[in-house]
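# Breakdown of the fold
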Amino acid sequence: LITDITLRRILDSRGNATVEAEVTTEDGGFGRGAAPSGASTGEHEALELPAEEAIEKAEADAVPALVGEVDATDQRAIDDTLHEVDGTDDFSGIGANSAVAISMAAAKAGADELGLPLFQHLGGTFRGDQFPTPLGNVVGGGEHAEEATNIQEFLSAPVGAPSVTEAVFANAQVHARIGELLEEKGVPANKGDEGAWAPPIGDDEAFEIVDQATTEVSDDLGFEISFGLDMAAAEMYEDGEYVYEGEANRSTAEQIDYVAEMVDEYDMAYVEDPLDENDFEAFAELTDRVGDRTLICGDDLYVTNVERLQDGIDKGSSNSILIKPNQIGTLSDAVDAIELGAENGIVSAVSHRSGETEDTTIAHLAVGAAAPYIKTGTVAGERTAKLNELIRIEEQV
Ligand code: PGA
Ligand code: ZN
């Protein structure tokens, strides 16, 4: 049984307050989890409350319903209880930040009580013939940096790496090489929220630099390194058009053409949120055109919600989904989205948020649920916390 839950305010990587939870069990199990926070959040995400308010609400409603009542090893019961006491569709009762922090802390306490690594506790019997390929944010702008690219993230994708460890180091090498290329060009090497370069250049130039760096590092290491994008296009979408600063705006048809052309020109492995978060039909058109050779991933489109994912499956909107536990509020909901995807040929990428902490739960979730990809940055400390955990897990298995 859970015997104690403590909630507190801690810092996230942007210096904002976020919720940390600690769960203790009667058999001496202990777990700690902290909520991340997005900047380019989807319109349909579960709702984060100000940290102080989320803590107050969860202390009043969630803590008494869990302490002395629920077993920390029963993740479904914990997450069902969080939904029950919250009583809303979007966790606006106790805050998705309190919910996800408690869900993750309880999972760790449950794993600790069972004497299992977290990935094994989350995955049941480990399905691990597959480790996730890390997608590494190396250049970006959008909502994550001022005066930088329109496209939010350019992602190194070491799809041919023989191990997670080699993939993690490959992404770091691509990041470093891009830093050198920017210096050679005399472009200020600013950084965005996640530690990716955020230089004041246009998207065209960023494509060229990322293509050059991934090609060079691939040649050096002897395995394939592709790249991809998170366009976060909902943030660009205004009055029926995609707004590009320094370029002409694009209509939906032009946006589809543009993305399809870039997929072919650069042989990209992955494109996230290329279209508006409510345009399931335009997503389907693009997936129809290029889905045989690249992953079209829905992040703001699905917000890790199985109902929205089912809609996308019915309409053929994408062949990939981004999984962010805090978008939906609990680990059980996140696993449900991964499983519904897997049953329908939809490739999951488990993801961090732009505002993060040193919490490493998503590394365990990606391995435990056998997600083919994980997106958790490249070099900043709150990102390397997860990447280094992946390296440790790989050694354990
Ligand atoms: P966010 O961005 O965490 O700021 O929402 C990450 C993403 O869009 O994937
Ligand atoms: Zn995204």
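Every value quoted in this text rests on a predicted model; they were computed, and no experiment measured them.

### Here we look at the overall build of the chain
Scanning the chain from N- to C-terminus turns up 13 helices and 13 strands. Relative to the compact-globule value of 21 Å for 397 residues, the chain shows a C-alpha radius of gyration of 20 Å, a close match. In terms of overall dimensions, the chain has C-alpha extents of about 60 × 45 × 40 Å along its principal axes. Relative to its full complement of 397 residues, the chain shows a buried share of 60%.

### Some remarks on the UniProt feature "active site" (unreviewed entry) in the chain
Cross-referencing UniProt, the feature "active site" (unreviewed entry) maps to E194 and K324 in the present numbering. In the annotated set above, the residues contributing to the lining of the largest cavity are K324. Structurally, the position occupied by E194 is in the loop between helix 5 (164-185) and helix 6 (203-221). Classification of E194 as buried rests on a relative accessible area of 3%. The contacts of E194, once residues within four sequence positions are left out, are N137, H144, E153, H352, R353, S354, A380 and R383. Relative to the helices and strands, K324 resides in the loop between strand 11 (320-323) and helix 10 (325-328). The exposure class of K324 is buried, given its relative accessible area of 6%.

### Some details on unusual backbone geometry
Look at F91: it is not a glycine, yet its phi comes out positive at around 60°. Assessed through its relative accessible area of 1%, F91 is described here as buried.

### With respect to the environment of E339
For E339, the position within the fold is in helix 11 (residues 331-343). Between the C-alpha atoms of E339 and A370, which are 31 residues apart in sequence, the distance is 9.6 Å.

### Structural notes on the nonpolar core
Ranked by internal contacts, the top residues of the largest apolar core, which has 79 residues, are F154, I178, F207, M268 and L365. If we ignore the near neighbours within four places in the chain, the residues touching F154 are G136, N137, V138, V139, T149, D203, A206, F207, V210, F227, G228 and L229. Residues I55, V70, I78 and A105 belong to the second largest nonpolar core, which totals 28 residues.

### Comments concerning the site of ligand 1
A39, H144, R353, S354 and K375 are the nearest of the 15 residues found near ligand 1. Between an oxygen atom of ligand 1 and a side-chain N or O atom of H144, the distance comes to 2.8 Å. Take S354: an N or O atom from its side chain is 2.5 Å from an oxygen atom of ligand 1. With the chains in place, 100% of the 280 Å² that ligand 1 exposes on its own is no longer accessible. With respect to the pocket detection grid, ligand 1 is positioned in the second largest cavity. Of the residues that constitute the shell around ligand 1, the class distribution is two nonpolar, six polar and seven charged.

### Let's talk about the side chain of S156
Within the fold, S156 resides in strand 5 (residues 153-157). Among the polar contacts made by the side chain of S156, one reaches the side chain of N171 at a distance of 2.7 Å. Setting aside residues up to four positions removed in sequence, S156 forms contacts with P134, L135, G136, V138, N171, V174, T214, I225, S226 and F227.

### What to know about the side chain of E389
Looking at the secondary structure, you find E389 in helix 13 (residues 381-396). Residue E389 is classed as buried on the basis of its relative accessible area of 16%. Once residues within four sequence positions are removed from consideration, E389 is found in contact with T360, A363, H364 and T384.

### What about the coordination of the zinc ion (ligand 2)?
Surrounding the zinc ion (ligand 2) are the protein donor atoms D230 (OD), E272 (OE) and D299 (OD), at 2.0 to 2.2 Å. On the primary sequence, the residues serving as donors to the zinc ion (ligand 2) are separated as D-x41-E-x26-D. In this pair, E272 sits in strand 9 (residues 270-272) while D299 sits in the loop between strand 10 (295-298) and helix 9 (306-315), placing the two residues 27 residues apart along the sequence. Like D299, E272 is buried.

### Some details on the UniProt feature "binding site: (2R)-2-phosphoglycerate" (unreviewed entry) in the chain
As recorded in UniProt, the sites labelled "binding site: (2R)-2-phosphoglycerate" (unreviewed entry) are Q152, K324, R353, S354 and K375. From the list above, the largest cavity is lined by K324 and R353. Tracing the sequence through the fold places R353 in the loop between strand 12 (347-351) and helix 12 (361-368). Look past the residues within four positions of R353 in its chain and what remains in contact with it is P36, S37, G38, S40, T41, E45, E194, K324, N326, Q327 and R383. Locating S354 in the fold gives a position in the loop between strand 12 and helix 12. Assessed through its relative accessible area of 4%, S354 is described here as buried. Beyond its immediate chain neighbours, meaning those up to four positions away, S354 contacts S13, R14, S37, G38, A39, H144, D193, E194 and R383. A polar contact of 2.9 Å, which involves the side chain of S354, links it to the side chain of R14.

### Structural notes on the pairing of strand 5
Across the five residues of strand 5, five count as buried, placing the element largely inside the fold. Of the two faces of strand 5, the one holding E153, L155 and A157 and the one holding F154 and S156 are both buried throughout. Looking at chain direction, strand 4 (residues 133-140) and strand 5 are connected through four bridges and run antiparallel. Along strand 5, the bridge assignment pairs G140 with E153. Pairing between strand 5 and strand 6 (residues 226-230): five bridges, direction antiparallel. Paired with L155 across the strands is G228, a residue of strand 6.

What counts and what doesn't
- Residues numbered from 1 in each chain as written.
- Chains lettered and ligands numbered in written order.
- Predicted model: local features only at pLDDT ≥ 70, side-chain atom pairs only at ≥ 80, totals over all residues.
- Heavy atoms only, no water.
- Helix = DSSP H or I, 4+ residues; strand = E, 2+ residues; numbered from the N terminus.
- Rg over C-alpha atoms; globule rule 2.2 N^0.38 Å.
- Buried < 20%, exposed > 50% of the residue type's maximum accessible area, 1.4 Å probe, protein only.
- UniProt positions renumbered as here; feature names shortened; annotations may be inferred.
- 1 Å grid on protein atoms, 1.4 Å probe; cavity = no way out; pocket = protein on both sides within 12 Å on 5 of 7 lines; lining within 4 Å.
- Contact = heavy atoms within 4.5 Å.
- Core = buried A, V, L, I, M, F, W, Y, C linked by side-chain atoms within 4.5 Å.
- Near = heavy atom within 4 Å.
- Polar contact = N/O pair within 3.5 Å; in protein donor to acceptor, adjacent residues only side chain to side chain.
- Areas by Shrake-Rupley, 256 points an atom, 1.4 Å probe, with all protein chains shown as cover.
- Sits in = over half its atoms within 2 Å of the grid points.
- Nonpolar A, V, L, I, M, F, W, Y, C, P; charged D, E, K, R; others polar.
- Donors = N, O, S within 2.8 Å, 3.2 Å for Na, K, Ca; no water.
- Pairing = 2+ DSSP bridges.

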